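So you can see what is in the structure, the chains are spelled out below.
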Amino acid sequence: MVENAQSERIFGLDVMRAMAIIMVLSSHILWIYPQNSSMISQFFQLFGFLGVEAFFVLSGFLIGGIFYKLYLKDDFSFKSTVYFLKRRWFRTLPNYYLFLILNVLVTFIIGYTIDDLWKYLFFLQNFCSTMLPFYTESWSLSVEEFTYLLLPISILLGSFLFKNKNKKQTYISIVISMIILLILNKFIYNQITSNTSLTQWNVSLKAVVIYRMDSILIGVVFSWIALNYQQFWQKQKISLALVGAILLLMMYVGVGFFQLTIENYPLFWNVLYLPITSLTLALFLPILSQWKTSKLPFQKAIVMVSLISYSCYLIHYGIVLQLMKHFVKTDDLPMYQLHIYTMAFLFITFVLSYLNYKYFEKPIMDLRDKNQS
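Since the model is a prediction, treat every value here as computed from it, not as a measurement.

**Some details on the overall build of the chain**
Here is step 1: Counting its secondary structure elements, the chain contains 15 helices and zero strands.
Here is step 2: Against the compact-globule benchmark of 21 Å for 373 residues, the chain has a radius of gyration of 21 Å, which places it among compact chains.
Here is step 3: When the backbone C-alpha atoms are referred to their principal axes, the chain occupies close to 70 × 50 × 45 Å.
Here is step 4: Buried residues in the chain amount to 51% of all 373 residues.

**Here we look at the pattern of salt bridges**
Side chains that differ in charge, positive against negative, can pair when their charged atoms come close.
Here is step 1: According to the stated counting rule, one finds nine salt bridges in the structure shown.
Here is step 2: One salt bridge connects Lys119 with Asp116, and the closest N-O pair in it is separated by 3.8 Å.
Here is step 3: Among the residues examined, Asp116 registers a relative accessible area of 36% and is labelled partly exposed.
Here is step 4: Lys186 is paired through a salt bridge with Asp214; the nearest N and O atoms lie 2.8 Å apart. A residue pair is termed long-range when its members are at least 10 positions apart, and Lys186 in helix 6 (residues 167–192) and Asp214 in helix 8 (residues 209–228) qualify at 28 residues. By the burial criterion, Lys186 is buried, and Asp214 matches it.
Here is step 5: Salt bridges here are not isolated pairs; linked through shared partners, they connect Arg9, Asp14 and Arg17.

**So, a nonpolar patch on the surface**
Here is step 1: Together, Met304, Phe347, Ile348, Val351, Leu352, Tyr354, Leu355 and Tyr359 make up a nonpolar patch on the protein surface, roughly 710 Å² of accessible area in all.
Here is step 2: Top contributing element to the nonpolar patch by residue count: helix 15 (residues 335–371), with seven residues.
Here is step 3: Structurally, Ile348 can be placed in helix 15.

**Describing the confidence of the model for the chain**
Here is step 1: In this model, the chain carries a mean pLDDT of 92, and residues with pLDDT of at least 70 account for 97%.
Here is step 2: Mean pLDDT values over the elements of the chain span from 89, in helix 10 (residues 237–257), up to 98, in helix 8.
Here is step 3: The low-confidence segment residues 2–7, where pLDDT is below 50, has 17 contacts with residues more than four positions distant or belonging to other chains.

**What about the packing of aromatic side chains?**
Here is step 1: According to the stated counting rule, one finds 31 aromatic pairs in the structure shown.
Here is step 2: On the basis of an interplanar angle of 35° and a centroid distance of 5.6 Å, the ring pair of Tyr71 and Tyr171 is categorised as tilted. With Tyr71 in helix 2 (residues 39–72) and Tyr171 in helix 6, this residue pair connects regions lying 100 residues apart in the sequence.
Here is step 3: The class for Tyr171 is buried, based on a relative accessible area of 0%.
Here is step 4: Ring geometry for Tyr96 and Tyr97: centres 5.1 Å apart, planes at 80°, overall edge-to-face.
Here is step 5: Residue classification places Tyr96 among the buried residues on the basis of a relative accessible area of 0%.
Here is step 6: In this structure an aromatic cluster arises from ring pairing among Phe49, Trp201, Tyr252, Phe268, Trp269 and Tyr273.
Here is step 7: Across the ring face of Tyr148, the terminal group of Arg88 is positioned such that the distance to the ring centre comes to 4.9 Å.
Here is step 8: The positively charged end of Lys167 is found above the aromatic ring belonging to Tyr71, 4.6 Å away from the centroid.

Calculation criteria
Residues numbered from 1 in each chain as written. Predicted model: local features only at pLDDT ≥ 70, side-chain atom pairs only at ≥ 80, totals over all residues. Heavy atoms only, no water. Helix = DSSP H or I, 4+ residues; strand = E, 2+ residues; numbered from the N terminus. Rg over C-alpha atoms; globule rule 2.2 N^0.38 Å. Buried < 20%, exposed > 50% of the residue type's maximum accessible area, 1.4 Å probe, protein only. Salt bridge = Lys/Arg side-chain N within 4 Å of Asp/Glu carboxyl O. Patch = residues over 30% accessible without salt bridge, like charges linked within 9 Å, V, L, I, M, F, W, Y side chains within 5 Å. Areas by Shrake-Rupley, 256 points an atom, 1.4 Å probe, with all protein chains shown as cover. pLDDT = per-residue confidence, 0-100. Contact = heavy atoms within 4.5 Å. Phe/Tyr/Trp six-rings, centres within 6.5 Å; stacked < 30°, edge-to-face > 60°. Lys NZ or Arg CZ within 6 Å of the ring centre and 35° of its normal.

Below you can see the structure in the form of structure tokens.
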């Protein structure tokens, strides 16, 4: 869901992006199989959550670095902000609207009705309320699009308010201030909402724009650290990754071990859980961002999955799996046929994603780069 120019690819970030989309796919594969509470099922559900969170952090890291370099230039202005936004919109909007149209067609084929379709045109489907049960994977795109607006506009306003100040400090101060305000917003949610179930948490907090933009901004903070403290970034990459691994273990093993359930600890879940998750994943950025190249035998496969990840994210569930489940029911299929069904789902998803990338997404990106070169 984020860009990285072909000539400037960093293999470690490709690994992170490829792992993120595979984790999202893993979670939706569960819909093919009978519901159960096995350990594998629980891990796959967790994979889906972590996959999207990894996309958020990685997106913030990449767009944060791009915008920060623009901001440091002497000629930074409103025009610079427009330039940044135009490049982001070229990257994200064509695919988003293409798959919005396709999701509408799929909905008519399946026989569902769509309420408030107009909201999807402006990414308002989950801005401050529970998301509608249509084009469900688009919730994360709304979070990203509004963060793409929030970051440059806030920095632009700050540049006018704090003229002749230290630009590096102004930038990070504004970003951290936004993160604090967004976390406070979650605290207000905790105070006014009686949320004692993960089901409600998933739809009314985790997938709502006004509570989630800090996840991307945490990635922005790490891009600032990478650019301003390069020696620390390089020397502490292994240490930070180890801290991230420990936090990951504590968050997703310790939570169960210590029974930190949302019923008993709503403040932890509503206010702290998501920012800590973003911070945990961001701690892997130093080591991954310095993994420039690789000679692994499956390197090309990883890079390709990374390249098609945005198309894959938008096509796999609302288009491919919805149509497969509509035309080929899985309720009475034996296990070996469910495995074949899963393989077919993955094959169709990757093929269609590649075709969309090659014949739609990449040509638009090339056109953008040609017009702005």
